[in-house]
Amino acid sequence: MKNLGKMFVLALLQVGVIISLPLFMEKGEDISPALPSAAVMAGEKTEPQRSELPQAETTTIRLLSAEGERETELEEYLFGVVAAEMPASFEDEALKAQAVAARSYAMHRIASGIHNGAICSDYSCCQAWLSEDELKEKWGAYYEIYSDKIRSAVNETAGQCLAYGGEAILAAFHSSSGGKTESSENVFGQAVPYLVSVESREDPEAVPDYVSSVEFTEDELYAAIAAWDSEAAVRVSEGALFSEAVFSTSGRLISVKLCGEEVSGSVLRKIFALRSADVSWERVGNGIRFIVTGYGHGVGMSQYGANNMAKQGMGWQEIVYHYYPGTNIVPVSSLEESVAAL
Ligand SMILES: [Zn+2]
């Protein structure tokens, strides 16, 4: 139980990183692949059977934003979330997958009881959300085109959500993965049945800074480590800087001894502000260079992976079933009102 809070904190810290992405990726590019879900494997082609779905019922939520608390429609809220979370230039099916992931995440968050059943617009806590005015400023001359795209993505998936065991899922997502997503337990410290490592083919040419390197001089290295642990910094010049590194099967760093003290891959990311834990390093004189692939915690749906799948002709259902295996697309109205502690 105590891990739940930690998990959310970690998840939201990571989500925060992702949420800031659109600001830097306005000209989004993309990519990725897929593994199936039960329905897809069973051969059910899940094209949106709109006529068979219950009419999207109105779901009212309470949104906490800088402007205060207000009641709003879930679907209206999601327009501002998808617009904040994914570049509007992405493929339609990727935007729909993002809408469903954001809807699921929101319903999970609300059902968890955070903010007494409300949700906030702070990316470091719940999900990013931008108002119409903020989007007009962000998109400028593209406002009409982009807002139409995002509204379509939300409307065409209206009321549809991912569930596991009848509950809305914790639909974590991230910007890009280096070939495979990461299992929840390796990042959040707790296994989640639908947040397991899956293949994620991504086009290095389409993802900004897919592979990045960052170099620290000896002084910068010392400063970064001292900001984390002043006692460890004293040991920078003694013995091995890194030892006993453990990597997951997805290639991400699970843990390493930094100046003799064990840290997780997530903590190492924070210490050195690395884009992901898919990292290797090499000494450069008395300093160090990190080589990093992808961006974000790597758990759940890769946004660039989703966009790649969409470019390959796959629909949003295939995308979400690939990244959240074992889940089901259900109407929001069928969800349990609360979620079990993870
Ligand atoms: Zn919040």
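Fair warning: this is a prediction, and the values are worked out from it, not measured in the lab.

A. Looking closely at the nonpolar core. Core analysis: the largest hydrophobic core is formed by 66 residues, its most contacted members being Val82, Ile319 and Val320. Within the residue set of this core, elements represented by two or more residues are β1 (60-65), α3 (74-85), α4 (92-111), α6 (143-155), β4 (160-164), α11 (303-311) and α12 (316-323). With near-sequence residues (within four places) excluded, valine 320 lies in contact with Ala97, Val100, Ala101, Leu162 and Met301.

B. Up close: unusual backbone geometry. Backbone geometry at histidine 115 places phi at a positive 55°, although glycine is not the residue there. Counting through the fold element by element, histidine 115 comes out in the loop between α4 and β3 (119-120).

C. Local environment of the packing of α4 against α11. Packing of α4 against α11 brings their axes to within 7 Å, and their N-to-C directions diverge by 135°. On the basis of the axis angle, α4 is oblique to α11. Handedness of the α4/α11 crossing: right-handed. Between α4, through Glu93, Ala94, Ala97 and Gln98, and α11, the contact on the second element is made entirely by Gln303, Ala306, Asn307 and Ala310.

D. Examining the sheet that holds strand β2 (residues 68-73) more closely. What the three strands build is an open sheet, ordered β2-β1-β3; its pairing is mixed. Both edges of this open sheet fall to β2 and β3, since each of them pairs with a single strand only. Bridge count between β1 and β2: six bridges; the pairing is antiparallel. Looking at β2, one finds that threonine 60 is bridged to glutamate 73. Running at roughly 110° to β2, α3 makes contact with β1 and β2 of the sheet.

E. Summary view of the packing of α3 against α4. At their nearest, the axes of α3 and α4 sit 10 Å apart, and the two run at 120° to each other. Compared by their axis directions, α3 and α4 come out oblique. Note that α3 runs across α4; the crossing there is right-handed. Together, Leu78, Val81, Val82 and Glu85 of α3 and Leu95, Gln98, Ala99, Ala102 and Arg103 of α4 make up the contact between the two elements.

F. Structural detail: the sheet that holds strand β13 (residues 279-284). Across the sheet, which stays open at both edges, the three strands sit in the order β9-β14-β13 with antiparallel pairing between neighbours. Each edge of the open sheet carries a strand with a single partner, namely β9 (211-216) and β13. Pairwise comparison of adjacent strand axes, ignoring direction, gives a mean angle of 20° for this sheet. The pairing of β9 with strand β14 (residues 287-293) spans six bridges and is classified as antiparallel. Within β14, the residue paired with valine 211 across the bridge is threonine 293.

G. Region of interest: α3. With 12 residues, α3 should cover 16 Å at 1.5 Å per step; its first-to-last C-alpha distance of 16 Å lies within 8% of that length. Within α3, 11 of the 12 residues are buried, which leaves the element mostly enclosed by the surrounding structure. Along α3, the residues classified as buried are Leu74, Glu75, Tyr77, Leu78, Phe79, Gly80, Val81, Val82, Ala83, Ala84 and Glu85.

H. Here's a closer look at the environment of glutamate 93. Following the sequence through the fold, glutamate 93 ends up in helix α4. Measuring from C-alpha to C-alpha, the distance between glutamate 93 and glutamine 317 comes to 8.6 Å, with 224 residues separating the pair along the chain. The contact partners of glutamate 93, leaving out residues within four places of it in the chain, are Ala310, Met314, Gly315, Trp316 and Ile319.

Thresholds, definitions, all that
- Residues numbered from 1 in each chain as written.
- Predicted model: local features only at pLDDT ≥ 70, side-chain atom pairs only at ≥ 80, totals over all residues.
- Core = buried A, V, L, I, M, F, W, Y, C linked by C-beta atoms within 7 Å.
- Buried ≥ 20, exposed ≤ 12 C-beta atoms within 10 Å, placed from the backbone.
- Helix = DSSP H or I, 4+ residues; strand = E, 2+ residues; numbered from the N terminus.
- Contact = placed C-beta atoms within 7 Å.
- Axes fitted to C-alpha atoms, helices over the stretch in contact; angles between N-to-C directions.
- Parallel < 35°, antiparallel > 145°, perpendicular 65-115°, else oblique.
- Left-handed = near helix turned anticlockwise from the far one by under 90°.
- Pairing = 2+ DSSP bridges.
- Expected span 1.5 Å × (residues − 1).

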